[in-house]
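Fold and geometry: a report
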Amino acid sequence: MRVAVITFPGSNCDQDCFRSVEVAGGSPSYVWHRETSLGDADAVIVPGGFAHGDYLRPGAIARFSPIMDAVIAFGREGGLVVGICNGFQVLCEAGMLPGALLRNRSLRFQSHDCHLRVERTGTPFTADYRRGQILRMPLSHADGNYYADPETLAGLEADRRVVFRYSNARGEVTGEANPNGSLNNIAGIVNVRGNILGMMPHPDRAFEAALGSVDGLPLFRSLVGVDVAVGAGSTREVA
Amino acid sequence: MIATAEAPRPRPGDPPITPELVDDHGLSPEEYEQILRIMGREPTFAELGVFSAMWSEHCGYKNSKRLLRLLPTRAPWVIQGPGENAGVIDVGAGYALAFKIESHNHPSAVEPYQGAATGIGGILRDVFTMGARPVATLNSLHFGDLDRPRVRYLFSGVVKGIGDYGNCVGIPSTGGEVYFDRGYEDNPIVNAMCLGLMRKEDLIRGTAEGVGNTLMAVGARTGRDGIHGATFASEELSEGDDEASRPQVQVGDPFTEKLLLEASLELIASGHIVGIQDMGAAGLTSSGAEMAGRSGTGVEMDVARVPVREEGMTPYEILLSESQERMLVVAAAGREDAVREILEKWELEAATIGTVTASGTFRVLQDGVPVADIPALPLTEGCPTYERPGEEAEEVRDVREMDVSHYISPPNGLESAFLAVVGSPNVASKQWVYEQYDTTVRANSIERPGGDAGVIRVPGTNRGVAASTDCNGRHTYLNPRSGAMGAVAEAARNVTCTGAAPMAITNCLNFGSPLKPHIRHQFREAVLGMRDACSHFETPVTGGNVSFYNETDGEAVYPTPVIGMIGVIEDLDTIVRHSFRDARDAILLLGTNRGELGGSEYLYAVHDGLVAGEPPGVDLAAERALQRCLLAMTGRKVLKSAHDVASGGLAATLVESCLGRPRKGDGVGAAVRLDDDLPDTALLFGEDHGRVVVSCAPEEEDRVRQLAADYGVPCTRIGTVTGEDAALEIATHSSTLTLALDVLNDHYFGTIPGIMSE
């Protein structure tokens, strides 16, 4: 599985994503944001960071980087795309995922571990998790407060497109466990077709025991384990 | 560029050089005489500005240099000692670590957000200009008491400034310290430390080697901001300065910094350049002169070729601007286009502004007309240095000699005192601070903030680098020599508690005005204390920073020599953390309780801000034995936890070991019995050095005791871990305390968020 990791000038999690893919057994490569082609990539990761400084609004300028036309086309054709943290913000700005990431409820940058409940396993990204599994991994952002209009939100829930929700250590989805004010404790979603994932927490900082958690690794394992010849539409539902 | 030996003449519009103008530039009549001797003629206005910046305290170290020479700087593992952008040590497996700490106190006092942000920017550049990729930052922050609104404004602004800058560049914060004491009321201490890793062969220095090589200005454009920042940093503040001084504070742009970081590392790896240096304090002047001075070469540059932000800037302004995110690069002749190509990839500019010459002078032209021509070495090394006698202030002697045993009984009982100490902002968790910093980016943070020391993994290895910053300003105020020794000892204990061997330090010496005898006394004593401790621990000083004139309206801060200690863990599987883990584990104390309450948090928090008494003494031999003993224990994996005793005494150490980390609610209880024949407050809150609380599995207790005996370290079983949902119970010969974990949680984790949300 060849995974393209997009590097914007202000990406700062590109190396972490690269390493995560490697540890999961995939073949990562960097693609500079000024490129216009993804080459022979089987999947794409848009990593965290501050793509172009994000002085305007996170991801607002990255959406216009030359590589984004290729990423949008790739996603439209069913290619697997993962946006993590700033990458999630970029995918929302690019219209590849619905909704927006607002300033955290605390109005501060927040960096700490969070718990997530796996809401859906039938995606190319979550096939190696159990439904209801509780994950722990770092989050690190100022703008992670997921918002969508009521209709969009209802659609996300009805289609079971919310993949990860903030929970406490026992898996209870509570207000106290919501770190940033996200609607319905949403931490990660997929698009209608299920081939594009966006999430705020960092599986790319939880891929080995020395870092305090390995809960992010199954996400990358799932990604690199997808049989791309069959296509992203064919996914394994693990009960 | 037109080479000409013509001497510079005053430009039209330059003010005449008068004694008043010389004085305005912070130069004494004697120093000006020295300049005349060096030049053999009257300097131009631009030359006077250059001397003023280079001979400022900030760049020239004129009141500290002689004493700093007393510090040990060498060890077989030191690759680069003081005098470069950053110190460098060998950390094994082919890797070298560049590290340094610097102050941004003055700018932060005036504009906390930008002041702190640009402090991070500067220290990152000092590290990546050595060829190292920054991998961690730490901050040592000292503020006034949090009950003052102005202090809360400074505190929140500084923390946000540090966070926004470091988070954007993508460097994890792995530790540091935050103190609150009225001794820092109007003068916060904001010290930023950075660690960077590189392969040893990638080391590059700030030199201008090779006559004929090309000088290039790289990065952001030069504007009128921060002109004479170095001189500003070398003066006292006075009321009303926060408005008038704002133009001397620079504005940070972390995105440009990130681009500059990546471009610089790519440039260094490309082999197209021979030297690189940050245009930091005193900008183009110090970078150009220092690079020439270090290489014994000269430089010639034309300011008309420097990319500027605004029209009509004079040579004086261009030479002294402190606009951020700029570098001076020496490119190998003929490689200029290759350099430019790399910079363009990162959307940055690179302009050829001059050449390396054999003249030995720092020569500046404007459109080919000479405006400055100064011998480089006298400019960088010839700054007059002073060592005037000092004398201890009487008031300090009086409070030190005060008998604090009158305060041995707490006015509202022992439990109330216990909670007051644990919940004082100095002891309480700094989670509110470090959760605003990205602590996990780069996926190598093995030990995050909140423990004794942060630990970063050396990529691709199982080795780790531990780092801690420490200085208890109250202790150094009361006794600068033992206080500074104690700062080194505490920093060494902190890294050792994680299982890392202390290797070297960087220091940031924050003091008042060296023109005052009592400040000179503090400085001299602190340097001597540091010298003794660093020599004894074999942790040489590889560089750092001196910040004088931390005064407002004549009131100086506590003398604050901050120590940034580096330790190396050869096998990360031996790492130890500070929190108790499993029920039935044995709790042991290494070291001896002496009950030293002088300068303690107990006196400050429980007795109305009392700062008095002889602070804890330091037994260097015992500290060294303790360090070796701990490393023997961690190396053999017999410990489950280790936690240093410092501010707040045993009370703070036990609470922190019980409450765990990183989120509240993860704690375990403990039953502790302290049999020492000492008053309760002295026993629980004394800040005696040389102590570490460890825990181990019951079956390892004998081995722990045996190892302690082997190293001659006193070792006492003081308790047992009692598990979840329990309490911290402490029995002394005269009292018993039972402290529920949720009550401790509220005090320890709740204090700072509570104050800051008011």
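What follows is about the pairing of strand S11 (residues 349-357) of chain B. Residues and elements named next belong to chain B. Summarising the sheet, strand S7 (residues 214-219) and S11 pair through six bridges and their orientation is antiparallel. When the bridges of S11 are listed, Thr214 appears paired with Thr355. Here strand S9 (residues 298-302) runs beside S11; their pairing, made up of four bridges, is antiparallel. Bridge pairing in S11 places Met301 opposite Gly354.

Residues and elements named next belong to chain B. Structurally, the position occupied by Thr385 is in the loop between helix H15 (376-381) and helix H16 (394-400). Owing to a relative accessible area of 18%, Thr385 belongs among the buried residues under this scheme. Discounting residues that sit within four places of it in the chain, Thr385 has contacts with Lys62, Lys65 and Arg66.

Here the focus is the interface of chain B and chain A. One widely used convention gives an interface's size as the accessible area the parts lose upon coming together. Facing the 30 residues of chain B at the interface are 29 residues of chain A. Summing the contributions of chain B and of chain A, the shared interface buries around 2500 Å²; its carbon and sulfur component is 49%. At the junction of chain B and chain A, the tally comes to four salt bridges. Among the ionic pairs, Asp113 of chain A bridges to Arg448 of chain B, the shortest N-O distance being 2.8 Å. Applying the counting rule to chain B against chain A returns 18 residue pairs in polar contact (both at pLDDT 80 or more). Mapped onto the side of chain B that touches chain A, the elements with two or more residues apiece are helix H8 (149-169), helix H11 (254-270), helix H14 (336-345) and strand S14 (445-447) of chain B. In terms of residue count, the dominant contributor to the side of chain B that touches chain A is H11 of chain B (four residues). Residues that form the side of chain B that touches chain A fall into these classes: 11 nonpolar, seven polar and 12 charged.

Right, let's talk about the confidence of the model for chain A for a bit. Scored by pLDDT, chain A comes out at a mean of 94, with 95% of its residues at no less than 70. Note that pLDDT drops below 50 for residues 231-239 of chain A; the model gives that stretch 20 contacts with residues more than four away or on any other chain.

This part takes up the sheet that holds strand S1 (residues 78-80) of chain B. All names here are of chain B. Strand order across the open sheet formed by six strands is S1-S2-S3-S6-S4-S5, with mixed pairing between neighbours. Each end of this open sheet is capped by a strand with a single partner; those strands are S1 and strand S5 (173-180). Across this sheet, the average inter-strand angle for adjacent strands is 25°, counted without regard to direction. One ladder, built from nine bridges, connects strand S3 (residues 95-103) with strand S6 (residues 189-199); its direction is antiparallel. Residue pairing in the sheet places Ala96 in a bridge with Met198 of S6. Contacts from helix H7 (residues 112-128) reach S3, strand S4 (133-143) and S6 within the one sheet, and its direction differs from that of S6 by about 25°.

Residues and elements named next belong to chain B. Relative to each other, helix H17 (residues 414-422) and helix H27 (residues 741-756) sit at 45°, their axes nearing to 8 Å. With respect to each other, H17 and H27 are oriented oblique. Mapping the contact onto sequence places Phe418, Leu419 and Val422 in H17 and Val743, Leu744, His747 and Tyr748 in H27. By residue class, the composition of the contact of H17 with H27 is six nonpolar, one polar and no charged.

All right, on to a negative patch on the surface then. Residue and element names in this part refer to chain B. Together, Asp186, Glu391, Glu394, Glu395, Asp398, Glu401, Asp553 and Glu555 give the surface a local cluster of negative charge. Looking at the element boundaries, Asp186 is found in the loop between S5 and S6. Among the residues examined, Asp186 registers a relative accessible area of 40% and is labelled partly exposed.

Right, let's talk about the pairing of S3 of chain B for a bit. In terms of burial, S3 of chain B is largely enclosed, as eight of its nine residues are buried. Between the end of strand S2 (residues 87-92) of chain B and the start of S3 of chain B, which pair antiparallel, lie two residues, with Ala93 of chain B showing a positive phi angle near 55°.

Residues and elements named next belong to chain A. Along helix H1 (residues 14-23), the residues that are buried comprise Asp14, Asp16, Cys17, Phe18, Ser20 and Val21. Considering only its buried residues, H1 is in contact with strand S1 (2-7), strand S2 (27-32), strand S3 (43-46), strand S4 (80-84) and helix H5 (217-225). Residue Gly25 follows H1 closely and has a positive phi angle near 100°.

Right, let's get into the pattern of salt bridges. Residue and element names in this part refer to chain A. Within this structure, the stated rule accounts for 58 salt bridges over all chains. Asp40 is the salt-bridge partner of Arg2, the closest N and O atoms lying 3.9 Å from each other. Here the residue Arg2 occupies a position in strand S1, and Asp40 occupies one in the loop between S2 and S3, the gap between them amounting to 38 residues. For Asp40, a relative accessible area of 53% gives the class exposed.

Right, let's talk about the side chain of Asn185 of chain A for a bit. All names here are of chain A. Inspection of the secondary structure assignment puts Asn185 in the loop between strand S9 (162-167) and strand S10 (186-190). Accessibility expressed as a relative area gives 8% for Asn185, which makes it buried. The residues contacting Asn185, other than those within four sequence positions of it, are Phe164, Arg165, Tyr166, Val173, Thr174, Ala177 and Asn178.

As for its position among the elements, Val441 of chain B is in the loop between helix H18 (431-434) and S14. Leave out the neighbours within four places in its chain, and Val441 of chain B touches Asn12, Cys13, Asp16 and Arg205 of chain A together with Gly170, Ile171 and Pro172 of chain B.

The subject of this paragraph is the sheet that holds strand S10 (residues 326-331) of chain B. Residues and elements named next belong to chain B. Taken in spatial order, the seven strands make up an open sheet running S8-S10-S7-S11-S9-S12-S13, and their pairing is mixed. If you trace the sheet from one side to the other, it starts and ends with strand S8 (273-278) and strand S13 (369-375), each paired once. Here the strands of the sheet are splayed against their neighbours by 25° on average, with no regard to which way each runs. With six bridges connecting them, strand S12 (residues 361-366) and S13 associate as antiparallel partners. What sits directly across from Arg363, in S13, is Asp373. Here helix H12 (residues 283-295) sits on the sheet in contact with S8, S9, S10, S11 and S12, set at roughly 140° to S8.

Residue and element names in this part refer to chain B. Per the stated rule, a full pass over the model turns up 18 aromatic pairs over all chains. Between Phe143 and Phe180, the ring centres sit 6.1 Å apart and the planes meet at 25°, which makes this aromatic pair stacked. With Phe143 in strand S4 and Phe180 in strand S5, the pair connects residues that are 37 residues apart, well separated along the chain. The residues Phe143 and Phe180 share a single accessibility class, namely buried. On the numbers, 5.4 Å between centres and 75° between planes, the contact of Tyr184 with Tyr558 is edge-to-face. Residue Tyr184 is found in the loop between S5 and S6, and its partner Tyr558 is found in the loop between strand S20 (555-556) and strand S21 (560-569); the two are separated by 374 residues along the sequence. A relative accessible area of 2% places Tyr184 in the buried class. Every member of this aromatic cluster is reached through a ring pair, and the members are Phe143, Phe155, Phe180 and Trp432. In this structure, Arg474 is placed above the aromatic ring of Tyr604, and the distance from its NZ or CZ to the ring centre is 3.9 Å.

Each value, and the rule that gives it
- Residues numbered from 1 in each chain as written.
- Chains lettered and ligands numbered in written order.
- Predicted model: local features only at pLDDT ≥ 70, side-chain atom pairs only at ≥ 80, totals over all residues.
- Heavy atoms only, no water.
- Pairing = 2+ DSSP bridges.
- Helix = DSSP H or I, 4+ residues; strand = E, 2+ residues; numbered from the N terminus.
- Buried < 20%, exposed > 50% of the residue type's maximum accessible area, 1.4 Å probe, protein only.
- Contact = heavy atoms within 4.5 Å.
- Buried area = accessible area lost by both parts, 1.4 Å probe.
- Salt bridge = Lys/Arg side-chain N within 4 Å of Asp/Glu carboxyl O.
- Polar contact = N/O pair within 3.5 Å; in protein donor to acceptor, adjacent residues only side chain to side chain.
- Nonpolar A, V, L, I, M, F, W, Y, C, P; charged D, E, K, R; others polar.
- pLDDT = per-residue confidence, 0-100.
- Axes fitted to C-alpha atoms, helices over the stretch in contact; angles between N-to-C directions.
- Parallel < 35°, antiparallel > 145°, perpendicular 65-115°, else oblique.
- Patch = residues over 30% accessible without salt bridge, like charges linked within 9 Å, V, L, I, M, F, W, Y side chains within 5 Å.
- Areas by Shrake-Rupley, 256 points an atom, 1.4 Å probe, with all protein chains shown as cover.
- Lys, Arg positive; Asp, Glu negative; His and termini not counted.
- Charge placed at Lys NZ, Arg CZ, Asp CG, Glu CD.
- Phe/Tyr/Trp six-rings, centres within 6.5 Å; stacked < 30°, edge-to-face > 60°.
- Lys NZ or Arg CZ within 6 Å of the ring centre and 35° of its normal.

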